[in-house]
Amino acid sequence: MPALIRYYLAATVHGQRYLAPLLFDLAVLSVFTINDAGPLIGSYVVSAASLLLTSCWLTVTIVNLEDPVRRAITLVAAGGAMRVLAAEAGLAVLAGGALIGVGTIFPIVSGSHTVTWDDVAAGILAQVTTTAVGIAVGLLCSRLVVPRPGYSLILALAVIVAVPLTPGLPPVHSMLRRMSSAGGSVPAGPLAADALIAAFVLLGAFAVTHRIAVRRD
């Protein structure tokens, strides 16, 4: 599995398709958090919202890296579709973890905030939630599930917009609303629950993607 992850990491870096989502995330952080003097939790709302789209975009980029013929060769060499998809999802999770680190530290050093451990913990949990949901959406909107790129793009945009804006839809909408309306620190308990729900969403999306991909292969 580590060898497969390294393979997809090298292929992704070589193809440079990761640059667009990374630049998008950095641009959002720069525009909305540099010189910000408001509550730190507000900056983390921006970081979390940005990661929802960025993680989805990166995941689609990683999964769609190989054309069907090349992917078929990789499936045989790797020993099965499960191992390949797990490596792709694993790389997306590792990339998301790195971006969570950036999204946690960048608002602290670029703005003027009163920093507390409670706020930092809330920011990390919020970004974990949106990253997990973003990866889940990316898996379900990849070529493995939606073969036509135009339909895949439309579906991904529709879901990414609907997830944070649909009232009462857990975990992203409830989490962003809780953080946006907070006058001070946000309790970690509800945010941890949102992150746990997001993890189950990701696992479910992985299972569905694998099942559909195996049937098509």
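Residues numbered from 1 in each chain as written. Predicted model: local features only at pLDDT ≥ 70, side-chain atom pairs only at ≥ 80, totals over all residues. Heavy atoms only, no water.

### A word on the overall build of the protein
(1) Moving on: Secondary structure summary: the protein contains 9 helices and 0 strands in total.
(2) Moving on: Listed by position from the N terminus, the elements making up the protein come as α-α-α-α-α-α-α-α-α.
(3) Moving on: The C-alpha radius of gyration of the protein comes to 18 Å, within 12% of the 17 Å expected for a compact globule of 217 residues.
(4) Moving on: When the backbone C-alpha atoms are referred to their principal axes, the protein occupies close to 55 × 35 × 30 Å.
(5) Moving on: The proportion of buried residues among the 217 residues of the protein is 46%. (Helix = DSSP H or I, 4+ residues; strand = E, 2+ residues; numbered from the N terminus. Rg over C-alpha atoms; globule rule 2.2 N^0.38 Å. Buried < 20%, exposed > 50% of the residue type's maximum accessible area, 1.4 Å probe, protein only.)

### Looking at the nonpolar core
(1) Moving on: Among the nonpolar cores identified, the biggest contains 48 residues, and Tyr-8, Val-133, Leu-139 and Met-179 are the most heavily contacted of them.
(2) Moving on: Contributing elements (two or more residues each) for this core: helix H1 (2-15), helix H3 (40-63), helix H4 (68-78), helix H5 (81-110), helix H6 (117-140), helix H7 (149-165), helix H8 (172-180) and helix H9 (188-216).
(3) Moving on: Beyond its immediate chain neighbours, meaning those up to four positions away, Val-133 contacts Leu-52, Val-163, Pro-171, Val-172 and Ala-198. (Core = buried A, V, L, I, M, F, W, Y, C linked by side-chain atoms within 4.5 Å. Contact = heavy atoms within 4.5 Å.)

### Side note on the layout of surface pockets
(1) Moving on: The computed volume of the largest pocket comes to approximately 330 Å³.
(2) Moving on: Lining the largest pocket are 17 residues, and of these Val-60, Pro-149, Ser-152, Leu-153 and Ala-156 sit closest to its centre.
(3) Moving on: Listed by contribution, the elements that provide at least two residues to the lining of the largest pocket are H3 and H7.
(4) Moving on: Per element, the largest residue contribution to the lining of the largest pocket is 6 residues, and it comes from H7.
(5) Moving on: When grouped by side-chain class, the residues that make up the lining of the largest pocket number 12 nonpolar, 4 polar and 1 charged. (1 Å grid on protein atoms, 1.4 Å probe; cavity = no way out; pocket = protein on both sides within 12 Å on 5 of 7 lines; lining within 4 Å. Points joined across faces, edges and corners; volume = space filled by probe spheres on them. Nonpolar A, V, L, I, M, F, W, Y, C, P; charged D, E, K, R; others polar.)

### With respect to unusual backbone geometry
(1) Moving on: Cis geometry is found at the peptide bond from Pro-170 to Pro-171, where omega equals 0 degrees.
(2) Moving on: Its place among the elements puts Pro-171 in the loop between H7 and H8.
(3) Moving on: Positioned with a positive phi, Gln-16 is a non-glycine residue whose angle comes to about 60 degrees.
(4) Moving on: As for its position among the elements, Gln-16 is in the loop between H1 and helix H2 (19-33).
(5) Moving on: Even without a glycine there, the phi angle at Asn-35 is positive, about 65 degrees.
(6) Moving on: Here Asn-35 shows up in the loop between H2 and H3.
(7) Moving on: Since its relative accessible area comes to 69%, Asn-35 is described here as exposed.

### Considerations on the pattern of salt bridges
(1) Moving on: Tallied over the entire structure, the rule returns 3 salt bridges.
(2) Moving on: Close ionic contact of Arg-70 with Glu-66 constitutes a salt bridge, the shortest N to O distance being 3.8 Å.
(3) Moving on: The partner of Glu-88 in a salt bridge is Arg-71, with the nearest N and O atoms 2.5 Å apart. Taken as a pair, Glu-88 in helix H5 and Arg-71 in helix H4 lie far apart in primary sequence, 17 residues in all. (Salt bridge = Lys/Arg side-chain N within 4 Å of Asp/Glu carboxyl O.)

### Quick look at the packing of aromatic side chains
(1) Moving on: Here the structure, examined in full by the defined rule, presents 2 aromatic pairs.
(2) Moving on: On the numbers, 6.3 Å between centres and 55 degrees between planes, the contact of Phe-24 with Trp-57 is tilted. Remark: Trp-57 occurs in helix H3 and Phe-24 occurs in helix H2; sequence separation between them is 33 residues.
(3) Moving on: Relative accessible area serves as the criterion here: at 28%, Phe-24 is assigned to the partly exposed category. (Phe/Tyr/Trp six-rings, centres within 6.5 Å; stacked < 30°, edge-to-face > 60°.)

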